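Residue-level structure breakdown
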Amino acid sequence: MDITLVLVVIVIVIALGFDFTNGFHDAANAIATSVSTRALTPRVALLMAAIMNVIGALLGTEVAKTIGEGIIDISQFTESTDSLMQLHGLGIILAALIGAITWNLITWWFGLPSSSSHALIGGLVGAGLASFTDVQWMGIMQHVIIPMFASPLVGFLLAYVLMKLTLSLVKTLPFHRTMRKFRFAQTVSAAAMALGHGLQDAQKTMGIIVMALLAGGYGETHQIYVDGEMQIPFWVKLAAALAISAGTYAGGWRIMRTLGRKVIELDPARGFVAESVAAGVLYITAFVVHAPISTTHTITSAIMGVGATKRLSAVRWGVAGNIVVAWFLTLPAAGAVAGIMYMLLHLVFP
């Protein structure tokens, strides 16, 4: 039995497992506001989000390429025909995935909307450091650290400004009739948010699967590189899309309660603006910047932004503070778990 092939399959299965946890962990990103304002029932919202996740996942590959090439450099393993080197490279990817999944489960248990994206990136960096693999610090600064701070800030400020503008436009209109219209509009904004979630988050798993194929020596078989440009095989796109969609439909009720009710009590107008702003940020970073940003950070900050238009005290800053702490802990915590897991794997497979 080819142990390299077996490990490649194991890594792909675990990567799709991470994709599934990403789906149920981040389902709240797309639908919490719509459910909390009663624009959609939970089950209808989850089904809609699952479908839009699949569509979004098939729309682009630039974020996948950033994950596959821009975080750690595994070329020493992917270019080797030595089975031990290939196993070493696969062990690094496996450790990164376990670190990310572990942190996802911890934050899901406590109902904290942390970033699955940053958990995965933290896992890759932690496993890379533990294995003395070259970490692409410039790429991480450009595609992770700067967007990590910029996207929530942009989400908050843009949501605040647009909500103020919206309120000034509708202030003379009948309240209940206007809210009913915004509740209908939230169906569209929630779908747009779910599309952006699939576009961003499913691609990250695609990048990991491609890394596993390359590390296992199957890059040429699947034509990963064509004229020096990384290509994502269609079956990888489809598998990642279906996994995140299944996870989304399974739901993430703990986190949904945090985003939909504990940060602020939302009305349909604020829910619509928050979702629209967050979706716009996701599209721009995916298609223009090619940065794997956090859908969680983006929608949470947008919710805080629309909430602050009521009054600053309307936002439950204690809950928001717990969320921010989870944001900052994600990269090092997932990295630490991944580093420990790599060392354990290295003991078993020296």
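Residues numbered from 1 in each chain as written. Predicted model: local features only at pLDDT ≥ 70, side-chain atom pairs only at ≥ 80, totals over all residues. Heavy atoms only, no water.

A look at the overall build of the chain
Within the chain one finds 13 helices and four strands. A separation threshold of at least 6 residues defines the contact pool for the chain, and within that pool the share at least 24 residues apart is 87%. With the model as given, the accessible surface of the chain reaches about 14300 Å², and the carbon-plus-sulfur share is 70%. (Helix = DSSP H or I, 4+ residues; strand = E, 2+ residues; numbered from the N terminus. Contact = heavy atoms within 4.5 Å. Areas by Shrake-Rupley, 256 points an atom, 1.4 Å probe, with all protein chains shown as cover.)

Thoughts on the pattern of salt bridges
If you walk through the whole model with that rule in mind, you get four salt bridges. Where lysine 204 meets aspartate 201, a salt bridge forms, and the shortest distance between an N and an O atom there is 3.1 Å. On the criterion of helical spacing, the pair formed by lysine 204 and aspartate 201 is a turn pair, its members being three residues apart in helix H8 (residues 175–215). Each of the two residues, lysine 204 as well as aspartate 201, counts as buried. The salt bridge involving arginine 270 is made with aspartate 267; its shortest N-O contact spans 2.7 Å. For the pair shown, arginine 270 and aspartate 267 are each scored as buried. In this structure, a network of salt bridges that share partners links the residues Glu62, Lys65 and Glu229. (Salt bridge = Lys/Arg side-chain N within 4 Å of Asp/Glu carboxyl O. Buried < 20%, exposed > 50% of the residue type's maximum accessible area, 1.4 Å probe, protein only.)

Observations regarding the nonpolar core
Counting residues in hydrophobic clusters, the biggest one holds 58 residues, and the most contacted among them are Ile71, Ile93 and Ile208. The contacts of isoleucine 71, once residues within four sequence positions are left out, are Thr66, Ile121, Leu124, Val125, Val135, Gln136, Ile140 and Val144. (Core = buried A, V, L, I, M, F, W, Y, C linked by side-chain atoms within 4.5 Å.)

Section: the packing of aromatic side chains
Within this structure, the stated rule accounts for one aromatic pair. Seen from their ring centres, phenylalanine 182 and phenylalanine 272 are 5.8 Å apart, and the 50 degrees between their planes marks the pair as tilted. Residue phenylalanine 182 is located in helix H8, and its partner phenylalanine 272 is located in helix H11 (residues 268–289); the two are separated by 90 residues in the primary sequence. Among the residues examined, phenylalanine 182 registers a relative accessible area of 11% and is labelled buried. By relative accessible area, which is 25% here, phenylalanine 272 ends up partly exposed. (Phe/Tyr/Trp six-rings, centres within 6.5 Å; stacked < 30°, edge-to-face > 60°.)

Details of the packing of H8 against H11
Following both chains from N to C, one finds H8 and H11 inclined at 25 degrees, their axes separated by 8 Å at the closest point. By the angle between their directions, the pair H8 and H11 is classed as roughly parallel. For the crossing formed where H8 meets H11, the hand is left-handed. (Axes fitted to C-alpha atoms, helices over the stretch in contact; angles between N-to-C directions. Parallel < 35°, antiparallel > 145°, perpendicular 65-115°, else oblique. Left-handed = near helix turned anticlockwise from the far one by under 90°.)

Digging into a nonpolar patch on the surface
Taken together, Leu47, Ile51, Ile55, Leu59, Tyr249, Ile284, Phe287, Val288 and Val289 make up a surface patch of nonpolar side chains, about 820 Å² in accessible area. If you list the elements that add at least two residues to the nonpolar patch, you get helix H2 (42–57) and H11. The element best represented in the nonpolar patch is H11, accounting for four residues. Structurally, isoleucine 284 is set in helix H11. (Patch = residues over 30% accessible without salt bridge, like charges linked within 9 Å, V, L, I, M, F, W, Y side chains within 5 Å.)

Let's talk about the packing of helix H7 (residues 137–170) against helix H12 (residues 295–307)
Axis separation between H7 and H12 bottoms out at 7 Å; the angle between their running directions is 35 degrees. The element H7 and its partner H12 pack so that their crossing is right-handed. Contacts between H7 and H12 involve Met148, Ser151, Pro152, Gly155, Phe156, Ala159, Tyr160 and Met163 from the former and His297, Thr298, Ser301, Ala302, Met304, Gly305 and Val306 from the latter. Within the contact of H7 with H12, the residues separate by chemical class into nine nonpolar, six polar and no charged. (Nonpolar A, V, L, I, M, F, W, Y, C, P; charged D, E, K, R; others polar.)

Some points on unusual backbone geometry
The backbone of phenylalanine 132 sits at a positive phi, close to 60 degrees, despite the residue not being glycine. Within the secondary structure, phenylalanine 132 sits in the loop between helix H6 (116–130) and strand S2 (134–135). By relative accessible area, which is 76% here, phenylalanine 132 ends up exposed. For glutamine 223, which is not glycine, the phi dihedral falls at a positive 50 degrees.

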